[in-house]
Amino acid sequence: MKSALLHPARALPSTGHIGRAATLALYDELSLTPKPGLVTLVDRGSHDDMDAHSFMRSLFALRSYFPKMAQAGSQGASFPVLERLGIEAEQRMLAATGGINTHRGAVFMLGLLCAAGGAVLAEQACIPGAAWLREALCRHWGEALHQRSLRASALPGGIAARRHGLRGASQEAALGFPVLFETAVPALARAHASGLPAPLARLEALFHIMAVLDDCNLAHRAGMQGLRHGQDAARRFLQAGGCAHPEGLSRAQAICDDFVARRLSPGGAADTLAAACWVLRVCERP
Ligand SMILES: CC(C)(COP(=O)(O)OP(=O)(O)OC[C@H]1O[C@@H](n2cnc3c(N)ncnc32)[C@H](O[C@H]2O[C@H](COP(=O)(O)OP(=O)(O)OP(=O)(O)O)[C@@H](O)[C@H]2O)[C@@H]1O)[C@@H](O)C(=O)NCCC(=O)NCCS
Ligand SMILES: Nc1ncnc2[nH]cnc12
């Protein structure tokens with residue numbers, strides 16, 4: 001089984017490589033333009049309080065955190081150890097951005113994924129495959145994540161999840177990130193394989209994610225109507241041919257304008273896209 005996962009042409013990654021790939025993946029997401037309602041390198045989307053500089057400062061503040069999480073995962077760290085590293089990283093992010101929440105969801109999601117990558121490296125001594133990552137995440141920290149998801153959150157996304165009965169960041173994690181592994185990673189891999197240039201492949205994957213994710217940022221800002229509006233817009237875009245259509249880019253731009261007019265921002269989908277970019281960067285077999 002082990003040998004089937006080894007790829008002779010690629011060196012075994014280190015925990016440092018796994019962690020650095022998370023920073024690169026967050027940059028993959030940030031540098032994607034256009035993106036509905038989200039901050040890009042050239043516009044603030046639906047945000048008054050943050051721009052690309054805030055995200056770059058946040059990325060610098062977080063860059064040592066992801067390798068630490070991969071290292072902790074490789075040493076079989078308990079959930080409270082991961083949680084403490086995550087809380088410290090979140091504090092560094094807030095200090096770097098003047099209190100603005102740029103990457104709380106990414107600290108949580110990509111942090112856990114790096115820990116799972118570290119665990120697979122230590123246990124299998126191979127380049128992680130997506131299914132192995134998910135299995136390691138659930139086996140090591142699934143029960144703790146489930147317990148964590150039952151706690152009442154005082155944060156905007158957690159409050160929206162409880163109010164509307166949605167699957168927020170905590171619930172997605174407790175289920176082993178189904179939208180990431182069952183929708184985002186296959187969509188991104190398919191889009192690349194279809195020959196779309198990398199930015200369009202990412203945009204296509206973002207719309208696939210938006211179509212199905214219970215994005216609590218949308219629900220927090222605009223209730224269930226806002227969430228359904230975002231999901232419907234993404235579905236219609238994909239049904240009409242998506243990014244491969246000759247008018248794909250101009251249709252995407254029209255959705256961006258609509259999101260800004262409504263002040264919608266799918267931050268959970270953005271994190272899930274970054275996580276899918278990370279999986280493709282580190283995985284032998286996405
Ligand atoms: C478990 C925590 C992540 C807390 O989660 P909770 O849901 O209770 O609270 P929020 O912090 O509000 O939401 C979590 C963030 O997760 C992203 N997200 C939203 N929906 C989903 C979803 N369905 N699946 C996955 N991820 C989702 C989202 O993050 C992104 O958006 C943020 C920017 O949003 P923005 O609207 O600009 O700003 P806000 O401040 O939220 O509000 P307004 O400005 O609009 O008023 C940005 O963070 C993106 O990353 C949600 O924000 C958790 O914090 C936790 O337990 N942490 C522990 C420490 C840790 O990380 N440990 C690591 C390993 S255990
Ligand atoms: N580019 C982005 N803009 C706004 N919120 C986000 N959350 C994660 N990435 C984001």
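Residues numbered from 1 in each chain as written. Chains lettered and ligands numbered in written order. Predicted model: local features only at pLDDT ≥ 70, side-chain atom pairs only at ≥ 80, totals over all residues. Heavy atoms only, no water.

- The name recorded for the protein chain in an unreviewed UniProt entry is Probable 2-(5''-triphosphoribosyl)-3'-dephosphocoenzyme-A synthase, from Delftia acidovorans.
- Taken directly from UniProt, the Function (unreviewed entry) text for the protein chain runs: "Involved in the formation of 2-(5''-phosphoribosyl)-3'-dephosphocoenzyme-A, the prosthetic group of the acyl-carrier protein of the malonate decarboxylase."
- UniProt's Sequence similarities (unreviewed entry) comment on the protein chain is quoted here verbatim: "Belongs to the CitG/MdcB family." (UniProt positions renumbered as here; feature names shortened; annotations may be inferred.)

1. Some words on the environment of Ser-74
- Inspection of the secondary structure puts Ser-74 in helix H4 (residues 65–74).
- For Ser-74 and Gly-117, which are 43 residues apart along the polypeptide, the C-alpha to C-alpha distance reads 7.8 Å.
- Discounting chain neighbours no more than four positions away, the residues touching Ser-74 are Thr-15, Ala-115, Gly-118, Ala-119 and Ala-122.
- In terms of polar contacts, Ser-74 uses its side chain to reach the backbone carbonyl oxygen of Gln-71, at 2.6 Å. (Helix = DSSP H or I, 4+ residues; strand = E, 2+ residues; numbered from the N terminus. Contact = heavy atoms within 4.5 Å. Polar contact = N/O pair within 3.5 Å; in protein donor to acceptor, adjacent residues only side chain to side chain.)

2. Description of the pattern of salt bridges
- Taken as a whole, this structure holds 16 salt bridges when the rule is applied.
- One salt bridge connects Lys-35 with Glu-29, and the closest N-O pair in it is separated by 3.4 Å. For the pair Lys-35 and Glu-29, one class covers both residues: buried.
- When the shortest N-O distance is used, the salt bridge between Arg-167 and Glu-172 registers 2.9 Å.
- With a relative accessible area of 34%, Arg-167 lands in the partly exposed category. (Salt bridge = Lys/Arg side-chain N within 4 Å of Asp/Glu carboxyl O. Buried < 20%, exposed > 50% of the residue type's maximum accessible area, 1.4 Å probe, protein only.)

3. Focus on the packing of helix H7 (residues 130–150) against helix H10 (residues 178–193)
- One way to put it is that H7 packs onto H10 with a least axis distance of 11 Å and a crossing angle of 170 degrees. In terms of orientation, H7 lies roughly antiparallel with respect to H10. Across from Ala-130, Leu-133 and Arg-134 in H7, the residues of H10 making contact are Pro-178, Phe-181 and Glu-182.
- In terms of residue class, the contact of H7 with H10 is built from 4 nonpolar, no polar and 2 charged. (Axes fitted to C-alpha atoms, helices over the stretch in contact; angles between N-to-C directions. Parallel < 35°, antiparallel > 145°, perpendicular 65-115°, else oblique. Nonpolar A, V, L, I, M, F, W, Y, C, P; charged D, E, K, R; others polar.)

4. Observations concerning the site of ligand 1
- The full set close to ligand 1 counts 39 residues, and Asn-101, Ser-153, Gly-157, Asn-217 and Asp-271 are the nearest of them.
- Here an oxygen atom of ligand 1 and a side-chain polar atom of His-47 are 3.5 Å apart.
- In the model, a nitrogen atom of ligand 1 is placed 2.7 Å from a nitrogen or oxygen of the Asp-214 main chain.
- With the chains in place, 91% of the 1,200 Å² that ligand 1 exposes on its own is no longer accessible.
- Of all elements in the fold, only H4, helix H5 (79–97), helix H6 (104–124), helix H8 (156–164), helix H9 (169–174), helix H12 (216–239) and helix H14 (267–282) reach the threshold of two or more residues within the shell around ligand 1.
- Of the residues that constitute the shell around ligand 1, the class distribution is 15 nonpolar, 15 polar and 9 charged. (Near = heavy atom within 4 Å. Areas by Shrake-Rupley, 256 points an atom, 1.4 Å probe, with all protein chains shown as cover.)

5. A word on the environment of Ala-21
- Looking at the element boundaries, Ala-21 is found in helix H2 (residues 15–30).
- Relative accessible area serves as the criterion here: at 4%, Ala-21 is assigned to the buried category.
- For the pair Ala-21 and Gly-242, spaced 221 residues apart in sequence, the C-alpha to C-alpha distance is 27 Å.
- Each residue touching Ala-21, except ones within four places of it in the same chain, is listed here: Trp-278, Arg-281 and Val-282.

6. Remarks on the site of ligand 2
- Near ligand 2 you find Glu-29, Lys-35, Leu-38, Val-39, His-47, Met-50, Phe-55, Thr-102, Gly-267, Ala-270 and Asp-271, and these make up its full shell.
- Glu-29 places a side-chain nitrogen or oxygen 2.8 Å from a nitrogen atom of ligand 2.
- For ligand 2, a nitrogen atom lies 2.8 Å from a polar atom in the backbone of Val-39.
- In isolation ligand 2 exposes 260 Å². Once the protein is present, 95% of that is buried.
- Examining the composition of the shell around ligand 2, we find that 3 residues originate from one element, H14, more than from any other.
- Class assignment of the residues belonging to the shell around ligand 2 gives a composition of 5 nonpolar, 3 polar and 3 charged.

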